[in-house]
Amino acid sequence: MSLVLHNFFRSSASVRVRAALNLKGLAYEHVSYVLRESQHRSAAFLALNPQGLVPALQLEDGTVLGQSLAIMEYLEETHPEPALLPAAPLDRAWVRGLAQAVACDIHPVNNLRVLQYLGSELGVDEPGVGEWFRHWVDQGFAPLEQQLSIDARRGKFCYGDEPGLADLCLFAQVANNRRFDVDMSRYPTLQAIYDRCLRLPAFVDALPENHPHAG
Ligand SMILES: N[C@@H](CCC(=O)N[C@@H](CS)C(=O)NCC(=O)O)C(=O)O
């Protein structure tokens, strides 16, 4: 059995892992769950991943891993080349911190279930939901832009000239921002890193619009 990625084309946590698998040169199959139809809450998926969130990566022996950061770290440990993290502990902590600024601070408050709760339970209208989304992106992106714009370790990517864990998270977030008209002109460094990623097939292939089950 090959690697199977349980995912959804538009899910940004899934975009991260798709790009990581692509960067590592690992082949995988897709099983898709339409989130708006709550397919990720089906008994079949919950049996695989009780957390009920995509992505989940099913390994060759049937083991299922959840949580995109844990999956990417697992891929890094089992397939070290090309590296997603630098060698030195301090630099690894720095890159993980950048990745987590997106994956742990921005993404969770803009997740589908949060946006749905705002709309259906709290009566926030569509423009209000968009406002919420942009607010929390701005709260995370402004300090990231400030940090990265002056950091001597930044190269073509967040750290150096090769893409890594932080770029995977940033790329997925910027791609997701397109749906909510985030003004990226305020974040020239982050936009430049995203544009660099767009030159690499590993990232382009991971975009929602290039997913085999997009639509
Ligand atoms: N921390 C998790 C987040 C996963 C997550 O929230 N995935 C979203 C799609 S990007 C999801 O499954 N949402 C379903 C929902 O909100 O109901 C990770 O990094 O994998």
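As a reminder, the structure under discussion sits directly above these lines.
Since this is a predicted model, take the numbers as computed values, not measurements.

**A few points about the site of the ligand**
In the neighbourhood of the ligand, 16 residues make up the surrounding shell, with R41, V54, Q67, S68 and N111 lying closest. R16 places a polar side-chain atom, nitrogen or oxygen, 3.3 Å from an oxygen atom of the ligand. In this structure, an oxygen atom belonging to the ligand sits 2.8 Å away from a side-chain N or O atom of H40. Burial of the ligand by the surrounding chains reaches 92%, relative to a free accessible area of 510 Å².

**Some remarks on the packing of aromatic side chains**
This structure, assessed with the given rule, holds seven aromatic pairs. Taking the centre distance of 5.5 Å and the plane angle of 85° together, the rings of F141 and Y187 count as edge-to-face. Placement of the pair is F141 in helix α6 (residues 126-150) and Y187 in the loop between α7 (165-177) and α8 (188-197), with a sequence separation of 46 residues. Assessed through its relative accessible area of 0%, F141 is described here as buried.

**Considerations on the pattern of salt bridges**
Taken as a whole, this structure holds seven salt bridges when the rule is applied. Taking the shortest distance from any N to any O, the salt bridge between D91 and R153 comes out at 3.6 Å. With D91 in helix α4 (residues 89-106) and R153 in the loop between α6 and α7, the pair connects residues that are 62 residues apart, well separated along the chain. A salt bridge links R153 to D151, with the shortest nitrogen-to-oxygen separation between them at 2.9 Å. What makes D151 buried here is its relative accessible area of 13%. The network of salt bridges with common partners includes D91, D151 and R153.

Cut-offs used in this document
- Here the residue numbering is sequential within each chain, running from 1 through the sequence in written order.
- A pLDDT threshold of at least 70 governs which residues receive local features in this predicted model, and a stricter bar of 80 or more applies before side-chain atom pairs are shown or counted, although totals over entire chains, interfaces and linings include all residues.
- Water and hydrogen atoms were dropped before computing side-chain values, which therefore reflect all heavy atoms in the structure.
- Here, proximity means that at least one heavy atom of the residue falls within 4 Å of the molecule or strand.
- Side-chain atoms alone can form a polar contact between residues adjacent in sequence; in general such a contact is a pair of N or O atoms within 3.5 Å, and within protein one must be able to donate a hydrogen while the other accepts it.
- Calculation of accessible area relied on Shrake-Rupley with a 1.4 Å probe; when residues are assessed, cover is drawn exclusively from the protein chains displayed.
- Between 30 and 60 degrees the pair is tilted, below 30 it is stacked and above 60 it is edge-to-face, where a pair is any two Phe, Tyr or Trp rings, Trp via its six-membered ring, whose centres lie within 6.5 Å.
- Helix numbering and strand numbering both begin at the N terminus, where a helix is a DSSP run of H or I of at least 4 residues and a strand a DSSP run of E of at least 2.
- Only protein chains enter the accessibility calculation, which uses a 1.4 Å probe; a residue is then buried when its area is under 20% of its type maximum, exposed when over 50%, and partly exposed in between.
- For salt bridges, the criterion is a side-chain nitrogen of Lys or Arg within 4 Å of an Asp or Glu carboxyl oxygen.

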